[in-house]
Amino acid sequence: MQTFRKLSANLHLYMAVPAILLFGVFFIYPLTRGIGISLTDSNGITAPHFIGIRNFIDFFHDDRARTDVRNTILFALGSAPLLNMFGLLYALLLDRKMAGKGIVRTIVYLPAVISPLIMGYIWYFILQPERGYISHVLQQVGLESWDVNWLGVSSSALVVLILVNVWQYVGMTMIIFLAGLQSIPAELYEAARIDGAGDRSSLWHITLPLLYPAIKINVVTNIIGSLSVFDIIVSLTDGGPGYATESLSIYILRMLYGNSTGYSTAVALIMFIIIIIPVFVFLKLTRKREYEL
Amino acid sequence: MVHKKLSLLLCSMLIVGGLAGCGKNNNERADAPSDSGSASTSSTNSNAASDSSSNDSSSSSNEDSPASQEKVTLKFFTGKVETVDLINSFIQQFEAENPNIHVEQEYQKDASSVIKVKFASGDVPDITTVVAQDYIDQGKYLDLSNESFWSRILPAIKDLCTDIKTGKQFKVATNVTMAGIFYNKKIFSELGLKEASTWTEFQGNLQTIHDKKPDVVPMFLAGKDSWTLGHLIEFMAHGVVKQQLGVTEARKAFINNDSGKLKFDAPGSGIDLLAGHLLDLKKAGLINKDALTATYDNQKEAFTSGKSALFTQGMWVLGDLLKLNPDMAGDIGFSPFPALADNLKPVTLSAEDSVYAITSESKHPEEAKKFLDFLFKPENLKAYSEFLKQPSAFTDVNADWGPLKDQASAALAAGVNIAFTDSPAGFSGDDAGRMMQELLAGKYKTSQDFAKAYTEAWNKGWGTTK
């Protein structure tokens, strides 16, 4: 009886065991094993040798890795703010009473359910110079000179990637904002209106502060998603021209298959840190703000 | 108490994971060469690897003999999508003749990467079409040197199947592939052009096409598929080293990364010349405007629709060209790659194709050899060659493999015959192609800058122990 009572008292902890085991098997174990491999010269086939932090030192002397870090950060700096800005804008517009808003929401959200790999190929066929759909239209209306190879120039290729990524995932961001907006009580707006507050004032003093949880989720997921971008780049530019749009995720894969398992694991851990820092900073800042609220 | 237990569990996982990561894999072969992570393994190691592979084969053969009466399953791993159906039909015939052997074919698009995962995970196929020097060095393949089929194979192809470091054959090729310039004979004859043997003639031909047929792209590059640009380096730029040293010595120079012989960054080297010529073609508008983003499919479509006059490819493209436009069969011309400088000669790739190897970890090497012997029956090889539209490497096979048969023979006679390059795993043909993309995108101011960057990347690739 006493054992039963003891078990009942700690039941919630025992119920956490399956989740912790799964977390351990699929996260803690791979992570720690990854740390171990990153300290070796493993090529994935023969016996590895311990080399300390040489892989990590090599990373900072690797021009291609530096280019990829820059590309990844630029992609995130472009994607994450635009996703949140347009996601919020769509949510605010589509939260109002208007005809056909369900259809518009579906249309905005639709790209998010398509595989990013396929999305990349679709946009490739649209943007390809001389053979793409845009090019075809320009040729039909006699504007061949406007047919630019956006994907063949380093700077514009990265911009195209950011825009396609934003176009694909803005619907997902919008849905989270919409859920947040619908959880704000209508009485607050009515009270504010009675007190003489206008639309702009309500937005700043009611909507945005109460949307903080949704903003937090969106910013964090968009930072993580943008910094670990892979599929859309593979299908749209394959990291090219050259390595101009190669992201860290792609670099990791290519190094792995280039018999540099230890090194690619070290880069993966560095990428983990690159992702965790902005997420951690943002969560720290917003927690303080939440307390203030 | 429970908290403590959970903490203990997580800590144990952390420690076990960390130790496992640093530790030696028990599944690894105990006699694997200690430094074979590097592609530039010493010959001593590779000897050890190959010896051990022989031992393995004999022991697994002995272990297997009592069970030879039981039904065995052979795993056949391939990266050649075009032959999957044909091989399946061969498998059906083989199984009918050998009811005790079942063959399972597995195709993977990225076979050269997947095989690595298979070796690492222990899910090793018995027969594979993927053979790489790194794996030869690590003793992953069975020594086939004493098999009877070698007497039927062209000596040049046997040489290309011979491991430079050990002198043994760990792979066997059934076909010969070629690469060179594919051109539209109709356009050439209309404009009075002849096959070019020098770069001056080649660029002159392109300029004539550009001037006289402004709607036709003189030379089409499929830059998005970086391997196609990598082939320009492998065949044209490396072709300089290959023709100067000869097939065997060039292979040794590549595998041993003998910089004294390769001289990639020397002014006037193959890399320097090719880079300079390509920049000239781009400047003169003699290549397609979307050279960086066009695909291999675009390249084939442009050629078969008459929108481009020539492109560089291997004979493997022929089947697709004929599928896209069967009426074009008589209009497809094939010639050697032009010489990059006046003191050089044109080159034609003539190398092994459709290679097979038996893995040293195979538990059924005798059955695997039996299956290869079945594939190597003259009637099967004839069907294979005619299907693939490539000549057979077996002297007792007389296949009518395609409309370019005579032209291919002429190209082989006109150009110095070269082989594929033994590239390091850390710097593949794709990587070389990506550097060519950078060149065409304007990253390098001069061809010499490109040659220096290429040399650095190549050396780093061979030195990859990371």
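The numbering scheme is per chain: residues are counted from 1 as the chain's sequence reads. Chain labels run from A onward and ligand labels from 1 onward, assigned in the order the entries are written. Where local features are concerned, this predicted model is filtered to residues with pLDDT of at least 70; where side-chain atom pairs are given and counted, the filter is 80 or more; whole-chain, interface and lining totals use all residues. Water and hydrogen atoms were dropped before computing side-chain values, which therefore reflect all heavy atoms in the structure.

Naming follows an unreviewed UniProt entry, where chain B appears as Raffinose/stachyose/melibiose transport system substrate-binding protein of Paenibacillus taihuensis.

Looking at an unreviewed UniProt entry, one finds chain A named Carbohydrate ABC transporter membrane protein 1 (CUT1 family) and attributed to Paenibacillus taihuensis. UniProt positions are given in the numbering used here, feature names are shortened, and annotations may be inferred rather than shown by experiment. Taken verbatim from the UniProt record of chain A, the Subcellular location (unreviewed entry) comment is "Cell membrane".

Visitor: What am I meant to see in the environment of Trp462(B) here?
Guide: Residue and element names in this part refer to chain B. Labels follow the DSSP assignment, with helices taken as runs of H or I lasting at least four residues and strands as runs of E lasting at least two, numbered in each case from the N terminus. For Trp462, the position within the fold is in helix α19 (residues 447-462). Buried means the residue's accessible area, taken with a 1.4 Å probe over protein chains only, is under 20% of the maximum for its type, while exposed means over 50%, and partly exposed covers the values in between. According to the relative accessible area criterion, Trp462 is buried, its value standing at 4%. Separated by 35 residues in the primary sequence, Trp462 and Phe427 place their C-alpha atoms 7.5 Å from one another.

Visitor: I tried to follow the side chain of Glu234(B) on my own but got confused; where do I start?
Guide: Residue and element names in this part refer to chain B. Considering the arrangement of structural elements, one finds Glu234 in helix α9 (residues 226-245). This count recognises Lys and Arg as positive and Asp and Glu as negative, with His and chain-terminal groups excluded. Salt bridge criterion: a side-chain nitrogen from Lys or Arg within 4 Å of a carboxyl oxygen from Asp or Glu. Lys242 provides the closest opposite charge to the buried, unpaired Glu234, separated from it by 4.8 Å. It only takes one pair of heavy atoms within 4.5 Å for two residues to be counted as in contact. Sequence-distant contacts of Glu234, that is, excluding residues within four places in its chain, are made with Gly239, Lys242, Phe420 and Thr421.

Visitor: Whenever I open this one, the UniProt feature "transmembrane region" (unreviewed entry) in chain A confuses me. Can you help?
Guide: Residue and element names in this part refer to chain A. The feature "transmembrane region" (unreviewed entry), as given by UniProt, occupies residues 12-32, 73-94, 106-126, 157-181, 202-224 and 263-283 in the numbering adopted here. Split by type, residues 73-94 is 100% helix and 0% strand. Its first and last C-alpha atoms lie 31 Å apart. End C-alpha to end C-alpha, residues 157-181 measures 35 Å, and it is 100% helix and 0% strand.

Visitor: How do you make sense of the packing of helix α3 (residues 84-97) of chain B against helix α16 (residues 378-388) of chain B when you look at a structure like this?
Guide: How two helices sit against one another is set out by the angle between their axes and by the gap between those axes. Residues and elements named next belong to chain B. To get an axis, fit a line to the C-alpha atoms, keeping to the stretch in contact for a helix; angles then go from 0 to 180 degrees between the N-to-C directions. For the pair α3 and α16, the least separation of the axes is 11 Å and the interaxial angle reads 165 degrees. Viewed along their axes, α3 and α16 adopt a mutual orientation that is roughly antiparallel. The hand of the α3/α16 crossing is right-handed. Here Leu86, Ile87, Phe90 and Gln93 of α3 come into contact with α16, specifically with Asn380, Ala383, Tyr384 and Phe387. Under the grouping applied here, Gly and all other residues not named as nonpolar or charged are polar, the nonpolar ones being Ala, Val, Leu, Ile, Met, Phe, Trp, Tyr, Cys and Pro and the charged ones Asp, Glu, Lys and Arg. When the residues that make up the contact of α3 with α16 are grouped by side-chain class, the tally is 6 nonpolar, 2 polar and no charged. Here the angle decides the label: under 35 degrees means roughly parallel, over 145 means roughly antiparallel, 65 to 115 means roughly perpendicular, and every other value means oblique. Two helices crossing with the near one rotated counterclockwise from the far one by less than a right angle form a left-handed crossing, whereas a clockwise rotation gives a right-handed crossing.

Visitor: Would you mind going over the pattern of salt bridges with me for this structure?
Guide: Two side chains with opposite charge may pair up if their charged atoms get near one another. Scanning the model with the defined rule gives 30 salt bridges over all chains in all. Its salt-bridge partner being Asp238(A), residue Arg254(A) comes within 2.9 Å of it at the nearest N-O pair. Remark: Asp238(A) occurs in the loop between α13 (231-236) and α14 (248-257) and Arg254(A) occurs in helix α14; sequence separation between them is 16 residues. Residue Asp238(A) is classed as partly exposed on the basis of its relative accessible area, which comes to 21%. Notably, a salt bridge pairs Lys213(B) with Glu190(B), separated by 3.0 Å at the nearest N-O pair. Of the two residues, Lys213(B) is situated in the loop between α8 (199-212) and β5 (217-219) and Glu190(B) in helix α7 (residues 185-191); the sequence distance between them amounts to 23 residues. Salt bridges sharing partners connect three or more residues here, namely Arg64(A), Asp238(A), Glu246(A) and Arg254(A).

Visitor: Looking at this model, I keep getting lost on the UniProt feature "domain: ABC transmembrane type-1" (unreviewed entry) in chain A. Mind explaining?
Guide: Those residues carrying the UniProt feature "domain: ABC transmembrane type-1" (unreviewed entry) are residues 69-282 of chain A in this numbering. When the span residues 69-282 of chain A is considered, its composition is 74% helix and 0% strand, and the gap between its end C-alpha atoms is 20 Å.

Visitor: I'm lost on the packing of helix α5 (residues 63-94) of chain A against helix α9 (residues 154-182) of chain A in this one. Help?
Guide: All names here are of chain A. Axis separation between α5 and α9 bottoms out at 6 Å; the angle between their running directions is 40 degrees. Between α5 and α9, the interaxial angle falls into the category oblique. As for how α5 packs across α9, the hand of that crossing is right-handed. Its residues assigned to classes, the contact of α5 with α9 comprises 20 nonpolar, 7 polar and no charged.

Visitor: Is there a simple way to explain unusual backbone geometry in this structure?
Guide: Most peptide bonds adopt trans geometry, and most residues besides glycine take a negative phi value. The residue after Gly240(A), namely Pro241(A), is reached through a cis peptide bond having omega 5 degrees. Mapped onto the elements of the fold, Pro241(A) is located in the loop between α13 and α14. One non-glycine residue, Asn257(B), lies in the positive phi region at around 45 degrees. Mapped onto the elements, Asn257(B) comes out in the loop between α10 (247-255) and α11 (259-262). For Lys263(B), which is not glycine, the phi torsion reads 45 degrees and is therefore positive. Along the chain, the position of Lys263(B) falls in the loop between α11 and α12 (270-283).

Visitor: Would you mind showing me how to read the packing of aromatic side chains here?
Guide: Aromatic pairs are defined between Phe, Tyr and Trp rings, using the six-membered ring for Trp, whenever the two ring centres lie within 6.5 Å; interplanar angles under 30 degrees are classed as stacked, those over 60 as edge-to-face, and all others as tilted. If you walk through the whole model with that rule in mind, you get 33 aromatic pairs over all chains. Both rings, one in Phe427(B) and one in Trp458(B), keep their centres 6.4 Å apart while their planes meet at 85 degrees; by these two values the pair is edge-to-face. Taken together, the residues span a long stretch of sequence, with Phe427(B) in the loop between β9 (416-418) and α18 (429-440) and Trp458(B) in helix α19 at a distance of 31 residues. Both residues of the pair, Phe427(B) and Trp458(B), belong to the buried class. Members of the aromatic cluster, joined through ring pairs, are Phe76(B), Phe94(B), Phe149(B), Trp150(B), Tyr356(B), Phe371(B), Phe374(B), Phe376(B) and Phe394(B). Only when the NZ atom of a Lys or the CZ atom of an Arg is both within 6 Å of the ring centre and within 35 degrees of the ring normal do we say a charge sits over the ring. The ring centre of Tyr124(A) lies 4.1 Å from the NZ or CZ of Lys224(B), which sits over that ring. Its end group placed over the ring of Tyr296(B), Lys300(B) keeps NZ or CZ at 4.1 Å from the ring centre.

Visitor: Explanation requested: the confidence of the model for chain B in the structure shown.
Guide: Interpreting fine coordinate detail is not advised for predicted regions of low pLDDT. All names here are of chain B. In this model, chain B carries an average pLDDT of 85, and 85% of its residues clear a pLDDT of 70 or more. Confidence scores differ between elements of chain B, with helix α2 (residues 43-64) showing the lowest mean pLDDT of 38 and β5 the highest of 98. Note on scores: pLDDT gives the predictor's confidence for each residue, bounded by 0 and 100. Counting contacts from residues 18-68, a segment whose pLDDT is below 50, to residues more than four positions away or on other chains yields 87 contacts. Both scores are given for the predicted complex: the pTM is 0.81, the ipTM 0.83.

Visitor: How should the domain arrangement of chain B be read in this particular structure?
Guide: Interfaces are often described in size by the accessible area the parts lose on coming together. All names here are of chain B. An automatic or database domain assignment provides the domain bounds reported here. Here chain B is described as being made up of domain 1 (24-175 + 353-401) and domain 2 (178-351 + 406-462). With 17 residues of domain 1 at the contact, the number on the domain 2 side is 17 residues. Summed over both partners, the accessible area lost on bringing two parts together, with a 1.4 Å probe, is the buried area. For the domain 1 and domain 2 pair, buried surface summed over both sides reaches about 1,400 Å², with 68% attributable to carbon and sulfur atoms. If you sort the residues of domain 1 by the area they bury against domain 2, Leu160, Ile164 and Lys389 come out on top, with a joint share of 40%. The interface formed by domain 1 and domain 2 contains 0 salt bridges. Whenever a nitrogen or oxygen atom comes within 3.5 Å of another N or O atom, the pair is scored as a polar contact, on the condition that within protein one atom can donate a hydrogen and the other can accept it, and that pairs from neighbouring residues in sequence are kept only if both atoms are in side chains. For the pair domain 1 and domain 2, the number of links is 2 residue pairs in polar contact (both at pLDDT 80 or more). Every element with two or more residues in the side of domain 1 that touches domain 2 is listed here: α5 (133-137) and α6 (155-160).

Visitor: Teacher, can you tell me more about a nonpolar patch on the surface here?
Guide: Residue and element names in this part refer to chain A. In this analysis, a patch consists of residues with relative accessible area above 30% that form no salt bridge, clustered at 9 Å for like charges and at 5 Å for the nonpolar side chains Val, Leu, Ile, Met, Phe, Trp and Tyr. Exposure was quantified through the Shrake-Rupley algorithm and a 1.4 Å probe, taking into account, for residues, occlusion by the shown protein chains and nothing else. Taken together, the side chains of Phe23, Phe27, Phe272, Ile273, Ile276, Ile277, Phe280, Val281 and Leu285 define a hydrophobic patch exposed on the protein surface, amounting to about 850 Å² of accessible area. Where the nonpolar patch is concerned, the elements lending two or more residues are α3 (17-38) and α15 (261-292). Per element, the largest residue contribution to the nonpolar patch is 7 residues, and it comes from α15.

Visitor: What should I look at first to understand the pairing of strand β8 (residues 347-358) of chain B in this one?
Guide: Regular strands place side chains that alternate from one sheet face to the opposite one. Residue and element names in this part refer to chain B. For β8, the tally of buried residues reaches 12 of 12 residues, placing the bulk of the element in the interior. Note: strand β4 (residues 172-184) against β8, 7 bridges, orientation antiparallel. From the neighbouring strand, Ala179 faces β8, where its bridge partner is Leu349. Criterion used throughout: strands pair if DSSP finds at least two bridges between them. With 3 bridges joining them, β8 and β9 adopt parallel strand pairing. Paired with Thr348 across the bridge in β9 is Asn417.

Visitor: Is there a simple way to explain the pairing of β4(B) in this structure?
Guide: Residue and element names in this part refer to chain B. Burial within β4 is extensive, with 13 of its 13 residues counted as buried. Direction of pairing for β4 relative to strand β6 (residues 308-314): antiparallel, over a ladder of 5 bridges. For Phe182, the partnering residue across the bridge sits in β6 and is Phe311. Pairing between β4 and strand β7 (residues 332-335): 4 bridges, direction antiparallel. Across the sheet, Phe182 pairs through a bridge with Phe334, a residue of β7.

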